[in-house]
Amino acid sequence: MENYFNEMTAGDSGAVREHYRAFEAWLQHQPADRIARKRAEADLTFRRVGITFAVYGDGAGTERLIPFDTIPRIIPAREWAALQAGLAQRVQALNMFVHDIYHEQNIVRAGIIPAQQIYQNAQYRPEMQGISVASDIYAHIAGVDIVRAGAGEFYVLEDNLRVPSGVSYMLEDRKMMMRLFPELFARHRIAPVEHYPDMLLENLRSVAPAGVLDPTIVVMTPGMHNSAYFEHAFLAQQMGVELVEGKDLFVDANAVYMRTIRGPRRVDVIYRRLDDDYLDPLAFRADSTLGVPGLLSVYRAGRVTLANAIGTGVADDKSIYPYVPDMIRFYLAEEPRLNNVPTWQCRRPEDLSYTLAHLDQLVVKEVHGAGGYGMLIGPAATKQEIEDFRRRLVARPDGYIAQPTLALSACPTYVESGIAPRHIDLRPFVLSGKTIAMVPGGLTRVALREGSLVVNSSQGGGTKDTWILEE
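One numbering rule holds for all chains: residues counted from 1, following each sequence as written. At least 70 in pLDDT is required for a residue's local features to be given in this predicted model, at least 80 for side-chain atom pairs to be given and counted, and no such filter applies to totals for whole chains, interfaces and linings, which use all residues. Side-chain numbers come from the whole structure's heavy atoms, not from hydrogens or water.

### Concerning the overall build of the protein
Looking only at helices and strands, the protein features 13 helices and 25 strands. Expected size for 471 residues packed as a compact globule is a radius of gyration near 23 Å; at 22 Å, the protein falls within 12% of this value. For the protein, the spread of C-alpha atoms along the principal axes amounts to about 65 × 60 × 50 Å. By the burial criterion, 57% of the 471 residues in the protein qualify as buried. We call two residues in contact when some of their heavy atoms are within 4.5 Å. Taking contacts inside the protein between residues at least 6 apart in sequence as the whole, the part at least 24 apart equals 68%. Where accessible areas are quoted, they stem from the Shrake-Rupley method and a 1.4 Å probe; at the residue level, only the protein chains shown are allowed to cover. As displayed, the protein has an accessible area near 20000 Å², and 50% of this comes from carbon and sulfur atoms. Side-chain charges in the protein split into 49 positive and 57 negative, and the spacing between the mean points of these groups amounts to 2 Å. Under the DSSP-based scheme used, a helix requires at least four consecutive residues in state H or I and a strand at least two consecutive residues in state E, with every element numbered from the N terminus. The reference for a compact globule is 2.2 Å times residues^0.38; the radius of gyration itself is calculated from the C-alpha atoms. For every residue, the accessible area obtained with a 1.4 Å probe (protein chains only) is divided by the maximum for its type, and the residue is called buried under 20%, exposed over 50%, and partly exposed between those limits. Residues scored as charged are limited to Lys and Arg (positive) and Asp and Glu (negative), so that His and the chain ends carry no count. Taken as the charge centre is NZ of Lys, CZ of Arg, CG of Asp or CD of Glu, depending on the residue.

### Focus: the packing of aromatic side chains
Two rings from Phe, Tyr or Trp (for Trp, the six-membered ring) form a pair when their centres are within 6.5 Å of each other. A pair whose planes differ by under 30 degrees is stacked, one over 60 is edge-to-face, and the rest are tilted. The tally for this structure, following the rule as stated, stands at 16 aromatic pairs. Ring geometry for Phe230 against Phe234: centres 5.6 Å apart, planes inclined by 35°, an arrangement best described as tilted. Of this pair, Phe230 and Phe234 both sit in helix α9 (residues 229-239), 4 residues apart, which is roughly one turn of that helix. What links up through ring pairs into an aromatic cluster is the set Tyr20, Phe23, Trp26, Phe181, Phe185 and Trp467.

### So, the sheet that holds strand β8 (residues 217-220)
We call two strands paired when DSSP finds no fewer than two bridges between them. Read across the sheet, 4 strands follow the order β9-β8-β13-β14 without closing on themselves; strand pairing throughout is parallel. Every interior strand has two partners, whereas the edge strands, β9 (242-244) and β14 (305-307), have only one. Within the sheet, the average angular offset between the axes of one strand and its neighbour, ignoring direction, is 30°. As paired elements, β8 and β9 share 3 bridges and run parallel to each other. Counterpart to Val218 in the pairing with β9 is Glu242. Orientation is described by axes fitted as lines to C-alpha atoms, over the contacting stretch for helices, and by angles from 0 to 180 degrees between their N-to-C directions. Helix-sheet contacts for α9 involve β8, β9 and β13 (269-272), and the interaxial angle to β9 is about 150°.

### Description of the environment of Gln123
Mapping Gln123 onto the fold places it in the loop between α5 (115-119) and β6 (141-148). Residue class for Gln123 comes out buried when judged on its relative accessible area of 14%. When the C-alpha positions of Gln123 and Asp316 are compared, they lie 9.0 Å apart, and in sequence the two are 193 residues distant. Setting aside anything within four residues of it in sequence, one finds Gln123 in contact with Tyr102, Arg162, Gly311, Gly313, Val314 and Asp317.

### What about the packing of helix α2 (residues 32-49) against helix α6 (residues 167-180)?
Direction vectors running N to C along α2 and α6 enclose 140°, while the axes themselves pass 11 Å from each other. With respect to α6, the axis of α2 lies oblique. Crossing hand, α2 versus α6: right-handed. Contact with α2, carried on its side by Arg34, Lys38, Glu41, Ala42, Thr45, Phe46 and Arg48, involves Glu172, Asp173, Met176, Arg179 and Leu180 of α6 and no other residues of that element. Polar here means any residue outside two lists: the nonpolar Ala, Val, Leu, Ile, Met, Phe, Trp, Tyr, Cys and Pro, and the charged Asp, Glu, Lys and Arg; Gly therefore counts as polar. Here the residues of the contact of α2 with α6 are counted per class, giving 4 nonpolar, 1 polar and 7 charged. Angles below 35 degrees are treated as roughly parallel, those above 145 as roughly antiparallel, those between 65 and 115 as roughly perpendicular, and all remaining angles as oblique. If you view the pair so one helix is near and one far, a crossing is left-handed when the near helix is turned anticlockwise from the far one by less than a right angle, and right-handed when it is turned clockwise.

### Digging into the nonpolar core
Working definition of a nonpolar core: buried Ala, Val, Leu, Ile, Met, Phe, Trp, Tyr and Cys residues. They are joined through side-chain atoms within 4.5 Å. Counting residues in hydrophobic clusters, the biggest one holds 70 residues, and the most contacted among them are Phe97, Ile118, Ile146, Leu249, Ile270, Tyr299 and Met327. Counting residues per element, the ones that place at least two in this core are α3 (77-101), α4 (106-109), β6, β7 (154-160), β8, β11 (255-258), α10 (295-300) and α11 (324-332). Residues within four places of Tyr299 in sequence aside, it is in contact with Met128, Ile131, Val133, Val304, Thr305, Leu306, Ala309 and Ile310. Counting 54 residues, the second-largest nonpolar core is a separate cluster that includes Phe46, Phe181, Val269 and Tyr271.

### Remarks on helix α13 (residues 383-395)
With 13 residues, α13 should cover 18 Å at 1.5 Å per step; its first-to-last C-alpha distance of 19 Å lies within 8% of that length. Here α13 has its buried residues at Ile386, Phe389 and Leu393. Down the axis of α13, the buried set is contained in an arc of 70°. They therefore lie on one face. Exposed residues pointing more than 90 degrees away from the buried face of α13 are listed as Gln384, Arg391 and Ala395. The inward-facing, buried residues of α13 abut α12 (349-357), β17 (362-366), β18 (375-377) and β19 (400-404). Multiplying one less than the number of residues by 1.5 Å gives the expected span of a helix. Each C-beta atom gives one direction from the helix axis, and the arc is the one those directions make.

### Some points on the confidence of the model for the protein
Interpretation of this model should avoid reading the predicted coordinates in detail wherever pLDDT is low. On average, residues of the protein score 92 in pLDDT, and 95% of them are at 70 or above. Note on scores: pLDDT gives the predictor's confidence for each residue, bounded by 0 and 100. Taken as a whole, residues 56-61 scores under 50 in pLDDT and shows 5 contacts with residues more than four places along the chain or in a different chain.

### Things to note about the pattern of salt bridges
Throughout this description, the term salt bridge denotes a Lys or Arg side-chain nitrogen within 4 Å of a carboxyl oxygen of Asp or Glu. Taken as a whole, this structure holds 28 salt bridges when the rule is applied. Put simply, Lys318 and Glu158 hold a salt bridge, and the shortest N to O gap is 3.7 Å. Of this pair, Lys318 sits in the loop between β14 and α11 while Glu158 sits in strand β7, and the two are 160 residues apart along the sequence. Exposure remark for Glu158: the relative accessible area of 16% places this residue in the buried category. In this structure, Asp287 and Arg285 form a salt bridge, with 2.9 Å as the shortest nitrogen-oxygen distance. Asp287 gets classed as exposed once you look at its relative accessible area, which sits at 52%. Judged by its relative accessible area of 34%, Arg285 falls in the partly exposed class. Connected via shared salt-bridge partners are Glu7, Arg73, Glu79 and Arg148.

### A word on the packing of α6 against α9
Two elements in contact, α6 and α9, have axes whose closest approach is 9 Å; the angle formed by their N-to-C orientations is 70°. Considering their axes alone, α6 and α9 lie roughly perpendicular with respect to each other. Read as a crossing pair, α6 and α9 show a hand that is left-handed. Within the contact between the two elements, α6 uses Val167, Ser168, Tyr169, Leu171 and Glu172 and α9 uses Phe230, Glu231, Phe234 and Leu235.

### Regarding the sheet that holds β19
Taken in spatial order, the 4 strands of this open sheet run β16-β19-β17-β18, and their pairing is antiparallel. Both outer strands of the open sheet, β16 (344-345) and β18, are each paired with one neighbouring strand and no more. Two strands pair when backbone bridges link them, and β17 and β19 are joined in this way by 5 bridges, in the antiparallel orientation. Following the sheet pairing, Val364 is matched in β19 by Ala402.

Below you can see the structure in the form of structure tokens.
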């Protein structure tokens, strides 16, 4: 993994890349004790504000502070423009795909995606078949994970279309950098991100049910024990809308209402941050205490909008991911602007054979997995871990895909020994409504352990501010 792309310096020469030169010159003149104080101030502030992340299965049962690194990830305007165009194209095709599979099913009829890949998928919701949703938008908020590989080329690693998280850390990281180092923002023309809540609110308003001119919008959370509860509360507060749990809502006369101290209030758009299974105990999991009985019936009648839509998860399942370039060609008649990572589908006998023969070189992922769990990183695994994983793979090959171990790009990062390169990814947040929009950049996640390629917060990753330099 030594041949990675360094975001700040170029090749063997070690010359600082043009878009990093002003920052690097500033960094060289910063006393070590000043940087140490600023880093401590950031940790203290994040802890005081409550910007934490709960890790499921953590024996300690405590919430952790997501480590924040004060060296930003910087992207020049021309690179961002190319990324932005590719992201908009990809999310447009994904929305068209979800609409298609719940309506005409043209992509299946054309033989581009096998029917069983969709209709036997755990994320497919037959209850959505034939149901119209506002503006035909299913993934109102998408978090698309982008990585840069060895020669500097960008790849899409995965599409997050169910309840993508992390945007609050993007916003808080920017706020923190502006607080700690205001002089940097005077020296650089950095594209702003703080208007994201306004964009999100306008996006949600634009997909209100037909005839609703002044929609009531709420953020629906599973509750304070959810790992991303801070983000749910943060976004509701930033948008100026109510944060609700399922128990705060009820269905009556084919509409959804919110309980308030002034009596029931009709709700038109629900930005929901809980999974399909828990939304309506009458339609999905009967034991769910987090949802709203009867919600699906109101949704089917077109009298409430859910963002993201029920059944959207089928499009971000890792078994569907290999087909996204074909979706772009089929629906848009365009070539993909962003490439997928080459992927072996282990349900195919020839792909399984290759994967089993090269387990020590590949990354193998569960098709329904998330958060960095349930995966094998071959080059970093022990022989015993590889053999244990081999047995799981042979027992259920259709539950896995495999990809080459990419040499993810690295960015200088503060670690115990000083400044050292650590591998990163980027999660831009794409909003789909009447138009497709996104704030410049996104959340840069960083793998803080030396040599690690796993950037997920649940696996010990941290975050950085992402700067898009305006020309």
